[in-house]
Amino acid sequence: MEEQNASMARELELLKQSLQEKEQALDHFKNQIKISKIVNNIPVEEVESAEMSNKINSYIKEIDKIITYLSE
């Protein structure tokens, strides 16, 4: 029973860690959606809007890389 309890405790910790990672990913995606909405609502010319959108997407990708690096 003690071995089974220890095994279940380890499994519980792994599941908690997995859940936390998924919650962080979900929060990240929510932030991306908010940023996209902000960019889409900025009144600028079409060409400028596309350039701004590309820059912001580039920044988001770079931030994602940094977050991934820091979480390892």
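Within any chain, residue numbers begin from 1 and follow the written order of that chain's sequence. Given that this is a predicted model, residues contribute local features only at a pLDDT of at least 70 and side-chain atom pairs are listed and counted only at 80 or more, while totals for whole chains, interfaces and linings are drawn from all residues. Excluding hydrogens and water, the side-chain values take into account all heavy atoms of the structure.

Participant: Describe the overall build of the chain, naming the residues involved and giving the relevant values.
Facilitator: Across its full length, the chain carries two helices and zero strands. Burial status across the chain gives 4% buried among its 72 residues. Calculation of accessible area relied on Shrake-Rupley with a 1.4 Å probe; when residues are assessed, cover is drawn exclusively from the protein chains displayed. As displayed, the chain has an accessible area near 6800 Å², and 57% of this comes from carbon and sulfur atoms. Numbering of helices and strands runs from the N terminus; a helix is a DSSP stretch of H or I covering at least four residues, while a strand is a stretch of E covering at least two. Buried, partly exposed and exposed residues are distinguished by accessible area as a fraction of the type maximum, computed with a 1.4 Å probe on protein chains only: under 20%, between the cut-offs, and over 50%, respectively.

Participant: Explain the pattern of salt bridges to me, using residue names and the numbers behind them.
Facilitator: In what follows, salt bridge is the name for a side-chain nitrogen of Lys or Arg lying within 4 Å of a carboxyl oxygen of Asp or Glu. For the coordinates displayed, the defined rule picks out one salt bridge. The closest approach of N and O atoms between Lys-16 and Glu-13, which form a salt bridge, is 3.9 Å. Of the two residues, Lys-16 and Glu-13 are both situated in helix H1 (residues 2-41); the distance of three residues between them amounts to about one turn of the helix. Among the residues examined, Glu-13 registers a relative accessible area of 47% and is labelled partly exposed.

Participant: Help me get a handle on a nonpolar patch on the surface, residues and values and all.
Facilitator: Together, Tyr-59, Ile-63 and Ile-67 line one region of the surface with nonpolar side chains, adding up to about 320 Å² of accessible area. Judged by its relative accessible area of 54%, Tyr-59 is exposed. Patches here are clusters of residues that have more than 30% relative accessible area and form no salt bridge, with a 9 Å joining cutoff for like charges and a 5 Å cutoff for nonpolar side chains (Val, Leu, Ile, Met, Phe, Trp, Tyr).

Participant: Talk me through the environment of Ser-36; I want residue IDs and the actual numbers.
Facilitator: One can find Ser-36 in helix H1. Its relative accessible area of 34% is what places Ser-36 among the partly exposed residues. Through-space distance from the C-alpha of Ser-36 to that of Ile-56 is 8.6 Å; in sequence the pair is 20 residues apart.

Participant: Tell me what's going on with the environment of Ser-71, and back it up with residues and numbers.
Facilitator: Among the structural elements, Ser-71 can be located in helix H2 (residues 46-71). Spatially, the C-alpha atom of Ser-71 lies 9.6 Å from that of Glu-21, the residues being 50 residues apart in sequence.

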